[in-house]
Amino acid sequence: MSTRPEFTPVERQVIEREETRELKERVVEINRVAKVVKGGRRFSFTALVVIGDEVDRVGVGYGKAREVPLAITKAVDDAKKNLFTVPKHGSTITHEILGRFDAAKVFLRPASEGTGVIAGGGVRAVLELAGIRDVLAKSLGTTNPINMAKATVEGLKRLRRPEDVAKQRGKTINEILPLARVGTEREIAQREAAEEATVVGEA
């Protein structure tokens, strides 16, 4: 008798797609460190690596070894253990968030379509490999790349989806989300003018 769980065809397709989705890796920082021993110094290398599928999954890993390639391999393995899914709203994040890790603070703010990823260093690598295309980021603390990357991850992990907030509060998604300001400035102004005219007409 088989002990394997039974999946519906739709669940099987989702699982296959998740497994076949290619993970891309990006080396953020390679650093040479030294350990002082009786005979002198023993050098080794550390590597900070970000991996992600550029859709909604990302992870950060850290590895240390006597050789650079081995350190990168260890970091990739560590990052695969730390993969998580990022809540997104279109090509940006769902709301503002401040990620903290030790002395690092990274502020993330949603941006309109076409803005691009306004971030630097390890923060940019994490956001791009998470599939976020439009976002504003600002580092408010230390410039240590490891802590900055981990602060970004901590912020992304605390993002919440509108449907989850609506369910928790017992409201609809439309009541939770503000009025979407999409389009050019002229289109937004025309839309707001039409809404004001409708309100005046009803009064």
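Residues numbered from 1 in each chain as written. Predicted model: local features only at pLDDT ≥ 70, side-chain atom pairs only at ≥ 80, totals over all residues. Heavy atoms only, no water.

Glancing now at the pattern of salt bridges. Under the criterion given, the structure shown has 6 salt bridges. Across the pair Arg26 and Glu128 runs a salt bridge, and its minimum N-O distance is 2.7 Å. Taken together, the positions of Arg26 in strand S1 (residues 24-37) and Glu128 in helix H3 (residues 121-129) put the pair 102 residues apart, joining distant regions of the chain. Accessibility expressed as a relative area gives 30% for Arg26, which makes it partly exposed. (Salt bridge = Lys/Arg side-chain N within 4 Å of Asp/Glu carboxyl O. Helix = DSSP H or I, 4+ residues; strand = E, 2+ residues; numbered from the N terminus. Buried < 20%, exposed > 50% of the residue type's maximum accessible area, 1.4 Å probe, protein only.)

This next bit is on the confidence of the model for the protein. For the protein, the average pLDDT comes to 81, and 75% of its residues sit at 70 or higher. Of all secondary-structure elements in the protein, the lowest mean pLDDT belongs to helix H7 (residues 185-202), at 62, while strand S2 (residues 40-52) reaches the highest, 93. Confidence drops under pLDDT 50 across residues 179-184; counting only partners more than four residues distant or on other chains, this segment forms 8 contacts. (pLDDT = per-residue confidence, 0-100. Contact = heavy atoms within 4.5 Å.)

Here the focus is the nonpolar core. Val58, Val86, Leu108, Val126, Leu127, Ile132 and Leu156 are the most contacted members of the largest nonpolar core, which has 28 residues in total. Within the residue set of this core, elements represented by two or more residues are S2, strand S3 (57-65), strand S8 (104-110), H3, strand S10 (135-139) and helix H4 (145-157). Discounting chain neighbours no more than four positions away, the residues touching Leu108 are Ile93, His95, Glu96, Ile97, Leu127, Leu136, Ala137, Thr152 and Leu156. (Core = buried A, V, L, I, M, F, W, Y, C linked by side-chain atoms within 4.5 Å.)

Taken together, 4 strands build an open sheet; the order of strands is S1-S2-S3-S4 and the sheet is antiparallel. In this open sheet, the two strands that pair with only one neighbour each are S1 and strand S4 (84-85). Bridging between S3 and S4 involves 2 bridges; their strand directions are antiparallel. Its bridge partner being in S4, Arg57 is matched across the sheet by Thr85. Sheet strands touched by helix H2 (residues 68-81): S1, S2 and S3. Its angle to S3, the strand with the most contacts, is close to 145 degrees. (Pairing = 2+ DSSP bridges. Axes fitted to C-alpha atoms, helices over the stretch in contact; angles between N-to-C directions.)

Attention now goes to the packing of aromatic side chains. One pass over the structure, following the stated rule, counts 0 aromatic pairs. The ring of Phe43 has Arg32 lying over it, and the distance from NZ or CZ to the ring centre is 4.1 Å. A cation over an aromatic ring shows up here: Lys157 above the ring of Phe84, its NZ or CZ 5.3 Å from the ring centre. (Phe/Tyr/Trp six-rings, centres within 6.5 Å; stacked < 30°, edge-to-face > 60°. Lys NZ or Arg CZ within 6 Å of the ring centre and 35° of its normal.)

A few words on a positive patch on the surface. A contiguous patch of positive charge, built from Lys35, Arg42, Lys64 and Arg66, is present on the exposed surface. With respect to the helices and strands, Arg66 occurs in the loop between S3 and H2. For Arg66, a relative accessible area of 52% puts it in the exposed group. (Patch = residues over 30% accessible without salt bridge, like charges linked within 9 Å, V, L, I, M, F, W, Y side chains within 5 Å. Areas by Shrake-Rupley, 256 points an atom, 1.4 Å probe, with all protein chains shown as cover. Lys, Arg positive; Asp, Glu negative; His and termini not counted. Charge placed at Lys NZ, Arg CZ, Asp CG, Glu CD.)

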